[in-house]
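# A closer look at the structure
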Amino acid sequence: MGGPPALECPPMRAPGRRLRPLLAVLSLLVCAPAGAADRTILSIGAHAGDAEIATGALLARHKRLGDRVVMLHLTLGEGGNPKMSPAAYGEQKKREALAAAQALGAEVLFGPWRDGELRDTEEAARWVADVIRQVKPTHVITHWKQSLHPDHAAAHRIVNAAVLLASLEGFESAHPRHGGVRGVYYADNWEDAEGFTPYLYVDVTEDLAAWKAAVTSYEFIRGGISSFPYLEYYEALARVRGAVAGKRFAVSLEVDPFAKKRVLDALP
Ligand SMILES: [Zn+2]
């Protein structure tokens, strides 16, 4: 898949006064913010629905900015419906995941693991590393390290190991090394709240409707399977994160403590 086309921007030489407002508008329309449209964001969740519910609004925003957005669901989360067999619910979850991805404008990939059986093994890290080498993300988002759900905690460790493996020349696979991950971020997920402190806040005010349209592809998010009020919780969470960020709605992300270290020549 080729990269995005180069953007032509209006010249920055001083225009006549009458043209200035027009050029300012053109700049906004034609010239994406610095760094935009060269991002590939890979959001990795343990179960189909995790990436969308916690990061879907962020993905919708970046799609709108011209970036490539990809989701990897390590399992379908097919064990979550007591009224259906895992096989039947797995088929439903896959259909729902495809619909959600289409609504977000995201590509979607599925891992080979079964719900509840995700383990932090070298084999799993190698499999995800191979996906990273193929997708070539600039940004990776996954679960925070502490979770109520063992699959989520395993996903955190697998993904971190995979980002490193993918970058190593010594790790041999069918695809060349990828060392272009600029950052690994952790999603704000109600099951992964222990020790999660919001670090980055991204304004998603313009993207909440797209998020809602996408996530309601899932029956468990619309309600009726779990007693947890997913849609209300995550909309309220986006409002709470937005409130402290001075925005209407925001998505927050955590990073590893070592990633917070900043070395400067002087105070910013
Ligand atoms: Zn999950």
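Above this text you will find the structure in question.
Counting restarts for each chain, with residues numbered from 1 along the sequence as it is written. At least 70 in pLDDT is required for a residue's local features to be given in this predicted model, at least 80 for side-chain atom pairs to be given and counted, and no such filter applies to totals for whole chains, interfaces and linings, which use all residues. Heavy atoms throughout the structure, all of them, feed into the side-chain values; hydrogens and water do not.

## A few points about the overall build of the chain
Quick note on the threshold: Numbering of helices and strands starts at the N terminus; helices are DSSP runs of H or I of at least 4 residues and strands are runs of E of at least 2. The criterion used for residue contact is that any of the two residues' heavy atoms lie within 4.5 Å. Reported accessibility uses the Shrake-Rupley method at a 1.4 Å probe radius. Residues are deemed covered only where the shown protein chains occlude them.
For the chain, the helix and strand inventory stands at eight helices and seven strands. Of all intrachain contacts in the chain linking residues separated by at least 6 positions in sequence, the fraction that spans at least 24 positions is 78%. When the accessible surface of the chain is split by element, carbon and sulfur atoms take 56% of a total near 14200 Å².

## Examining the sheet that holds strand β5 (residues 183–187)
Note the following rule: Following DSSP output, two strands are said to pair if at least two bridges run between them. Axis geometry follows a simple rule: fit a line to the C-alpha atoms, using only the stretch in contact for helices, then measure angles between N-to-C directions, giving values from 0 to 180 degrees.
The strand order across the open sheet built from seven strands is β3-β2-β1-β4-β5-β7-β6, with neighbouring strands paired in mixed fashion. Strand pairing shows two members of the sheet lacking a second neighbour, β3 (107–110) and β6 (200–203), which therefore form its edges. Strand-to-strand twist in this sheet, taken as the mean axis angle between neighbours without regard to direction, amounts to 30 degrees. For strand β4 (residues 139–142) and β5, the ladder comprises four bridges, and the chain directions are parallel. Looking at β5, one finds that T142 is bridged to Y186. Packing against the sheet, helix α3 (residues 86–104) makes contact with β2 (68–75) and β3, and its axis sits at approximately 155 degrees to β3.

## A short note on the coordination of the zinc ion
Spelled out, the test is: Only nitrogen, oxygen and sulfur atoms qualify as donors, provided they sit within 2.8 Å of the metal or within 3.2 Å for Na, K and Ca; with water excluded from the atoms, sites may seem incomplete. Under this scheme a four-donor centre is tetrahedral when all angles range from 85 to 135 degrees, a four-donor centre is square planar and a six-donor centre octahedral when opposite donors are above 155 degrees with the rest from 65 to 115, and any other centre is irregular.
Those protein atoms acting as donors to the zinc ion are H47 (ND1), D50 (OD), D50 (OD) and H152 (NE2), and they sit at 2.1 to 2.7 Å. Considering all four donor atoms around the zinc ion, the spread of angles at the metal, 53 to 142 degrees, places the coordination shape in the irregular class.

## Some remarks on the environment of E172
Along the chain, the position of E172 falls in the loop between α5 (150–167) and β5. For E172, the contacting residues outside a window of four places in its chain are R126 and R133.

## Thoughts on the environment of G56
Cut-off, in case you're wondering: The rule is simple: take the accessible area with a 1.4 Å probe, protein chains only, and divide by the maximum for that residue type; under 20% is buried, over 50% is exposed, in between is partly exposed.
Checked against the element boundaries, G56 lands in helix α2 (residues 50–64). Residue G56 is classed as buried on the basis of its relative accessible area, which comes to 0%. Spatially, the C-alpha atoms of G56 and V69 are 9.9 Å apart, while their sequence positions differ by 13 residues. Aside from chain neighbours lying at most four places away, what touches G56 is A51, L104 and W211.

## Digging into the pairing of β5
Condition: Seen with its strands pointing away from the viewer, a crossover is right-handed if its path from the first strand over the helix to the second goes clockwise.
Burial of β5 is extensive: four of the five residues sit out of reach of the surface. Once the chain exits β4 it traverses α5 before rejoining the sheet at β5, and the crossover so formed is right-handed. The sheet contact formed by β5 and strand β7 (residues 250–254) spans two bridges and is antiparallel. The residue of β7 that forms the bridge with A187 is L253.

## Quick word on unusual backbone geometry
In this structure, K136 is a non-glycine residue whose phi angle is positive, near 55 degrees. Inspection of the secondary structure puts K136 in the loop between α4 (122–135) and β4.

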